[in-house]
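Here is how the chains run, residue by residue.
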Amino acid sequence: MIRAIKGTRDILPPDSATWNEVESTARSVFRTFNCQEIRTPIFEETALFARGVGAETDIVSKEMYSFDDRDGTSLTLRPENTASVIRAYIEHRMDQIPGVKKLFYIGPMFRRERPQKGRYRQFSQIGAEMIGSSFAGIDAEVIEMVSTLLTSCGVQGARLLINSVGDPESRAKYTNALKEALAPHIPALSEDSQRRAATNPLRVLDSKAEQDQPVVEKLPSIHEFLNEACREHFAAVRTYLDDRGIAYEVSPRLVRGLDYYTHTTFEFLHGALGAQNAICGGGRYNGLAESLGSKVPAPGIGFSIGEDRLVMAVEEARGGPAAPSLVLYVAPMSEAAFRRGSLLAQKARAAGVSVEVGAPAKLKRLMELANKSEARYALLIGDDELARGEFALKDMRSGEQVTVPEAELVGRLY
Ligand code: HAM
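Residues numbered from 1 in each chain as written. Predicted model: local features only at pLDDT ≥ 70, side-chain atom pairs only at ≥ 80, totals over all residues. Heavy atoms only, no water.

**Side note on the packing of aromatic side chains**
For the structure shown, the criterion picks out eight aromatic pairs. Aromatic side chains phenylalanine 43 and phenylalanine 67 sit 6.4 Å apart centroid to centroid with 55 degrees between the ring planes, which places their arrangement in the tilted category. Highlighted residues: phenylalanine 43 in strand S2 (residues 43-45) and phenylalanine 67 in strand S3 (residues 66-68), separated in sequence by 24 residues. Accessibility expressed as a relative area gives 38% for phenylalanine 67, which makes it partly exposed. An angle of 75 degrees between the planes, with centres 5.8 Å apart, marks the rings of tyrosine 260 and tyrosine 285 as edge-to-face. Residue tyrosine 260 is located in the loop between strand S8 (249-250) and strand S9 (264-269), and its partner tyrosine 285 is located in the loop between strand S10 (278-284) and helix H11 (288-291); the two are separated by 25 residues in the primary sequence. In this structure tyrosine 260 comes out as buried when scored by relative accessible area, which is 6%. Site record: aromatic cluster; members linked through ring pairs are Phe30, Phe104 and Phe303. Geometry around tyrosine 120 places arginine 9 over its ring, the cationic atom sitting 4.0 Å from the centre. The residue whose ring lies beneath arginine 376 is tyrosine 377, and the NZ or CZ to ring-centre distance is 4.9 Å. (Phe/Tyr/Trp six-rings, centres within 6.5 Å; stacked < 30°, edge-to-face > 60°. Helix = DSSP H or I, 4+ residues; strand = E, 2+ residues; numbered from the N terminus. Buried < 20%, exposed > 50% of the residue type's maximum accessible area, 1.4 Å probe, protein only. Lys NZ or Arg CZ within 6 Å of the ring centre and 35° of its normal.)

**Notes on the sheet that holds S3**
Strands belonging to one sheet form pairs held by backbone hydrogen bonds; the direction of such a pair is parallel or antiparallel. Overall, antiparallel pairing links the three strands, which are arranged S2-S4-S3 in an open sheet. Each having just a single partner strand, S2 and S3 make up the two edges of the open sheet. With strand direction ignored, the average angle separating the axes of adjacent strands in the sheet is 35 degrees. Alignment of S2 against strand S4 (residues 74-77), held across three bridges, turns out to be antiparallel. By the bridge assignment for S4, phenylalanine 43 is matched with leucine 77. (Pairing = 2+ DSSP bridges. Axes fitted to C-alpha atoms, helices over the stretch in contact; angles between N-to-C directions.)

**Details of the sheet that holds S10**
A sheet is described by the order of its strands in space; here eight strands give the open sequence S1-S5-S6-S11-S10-S9-S7-S8, paired in mixed fashion. Two strands lie at the open edges of the sheet, namely strand S1 (36-37) and S8, each paired on one side alone. Pairing analysis gives six bridges linking strand S7 (residues 159-164) to S9, with the strands arranged antiparallel. Residue serine 164 lies in a different strand from S9, and its bridge partner there is threonine 264.

**Overview of the site of the ligand**
Taken together, 26 residues lie around the ligand, and Glu80, Glu113, Tyr120, Tyr261 and Ala278 are the ones closest in. Measuring from a nitrogen atom of the ligand, one finds a side-chain N or O atom of glutamate 80 at 2.7 Å. In the model, a nitrogen atom of the ligand is placed 3.1 Å from a nitrogen or oxygen of the tyrosine 260 side chain. Secondary-structure elements contributing two or more residues to the shell around the ligand are strand S6 (122-131), S10 and strand S11 (300-306). Considering every element that reaches the shell around the ligand, the biggest residue donor is S10, with six residues. Residue classes in the shell around the ligand are distributed as ten nonpolar, nine polar and seven charged. (Near = heavy atom within 4 Å. Polar contact = N/O pair within 3.5 Å; in protein donor to acceptor, adjacent residues only side chain to side chain. Nonpolar A, V, L, I, M, F, W, Y, C, P; charged D, E, K, R; others polar.)

As structure tokens, this is what we get:
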């Protein structure tokens, strides 16, 4: 038997209802921030991610699904969407539209990670990018948008961690200091960290390997190396978050696993998620457009929420998936009743009511099916009811049954 590929999964009802609900909440929150939708292709040239996300990151060096097209071009299923959004921004000259461009996306991403609860090889992100400004007020607005979205979905108590990874000048100094601090400990580090200590020491900071932790804990903090401009930017972000009443913790080791970040980085963690507790990650990327070959600068900041994890947190908060929403189960006891019931269903559906029409059967069987469908009401149609043009409407919660004339039926269903 053919099964779904490892690390991928089917989203079935009733969970799919929670997914839809979360997406529609996201869309309405984004609208209130004047943030509009962008849809980019699922696959791109491999070079986009290698240059944008960084060749030394886990994502690019180990986790991409890449393949050669027939003309030899290397293509990759997108592991994230920020690089694609910036590519589209440059390609369509969106920099020529005045003001900050605010773009959101919802869709699948692909990373060849070791699957576990909350970590998949195909997962979905709800994300947004605000491009065209390096003003710290936008950083606060982006973080406020995530915070609003989480609360609107019913997820309380997520912890916000923020940090600054500085600008290239500050980071060059920090990188040198890290190399020096790491040098005496190289033999004690994991294989990946040994390599990265030389190529990209910042990545050692977000190493998950147990054996690296004693060394990582003693490394200097980036805050000792931030120049004046970086310190000012970070202080302004904090002020604007304070203005908004958004609580945060400064976490100096939060460098994030992608190379494009400058200045602000942030994550939202949620307790209900277990080991994979990052529900959202984001940050500023002032040089990303230039590293993708753009002559035009496009400083920006954005985030991506792991939708799989958000759905888990929402279902955990409310104790299960969204309740099924069937309103009426039509239970016909003969073929003539079925035909009449189908016309009644047509009218009710035209008024926006969800209806399931059973096939003709005995009353007992129909009531079993009505129960299983979790419908709010059942409409019982037998030959007597047909003759009178009145129907028995049963409230499936209270068990109460009333006789309703055909013309009044739809009005009774709320
Ligand atoms: P990221 O931290 O790689 O950032 O991913 C963001 C979120 O996606 C994570 O916090 C997590 O919730 C979810 N996620 C990542 N990998 C998986 C997985 N294998 N299974 C399930 N969920 C996962 C980015 O992708 C950046 N593009 C964020 C960003 C936008 N930065 C600026 N703009």
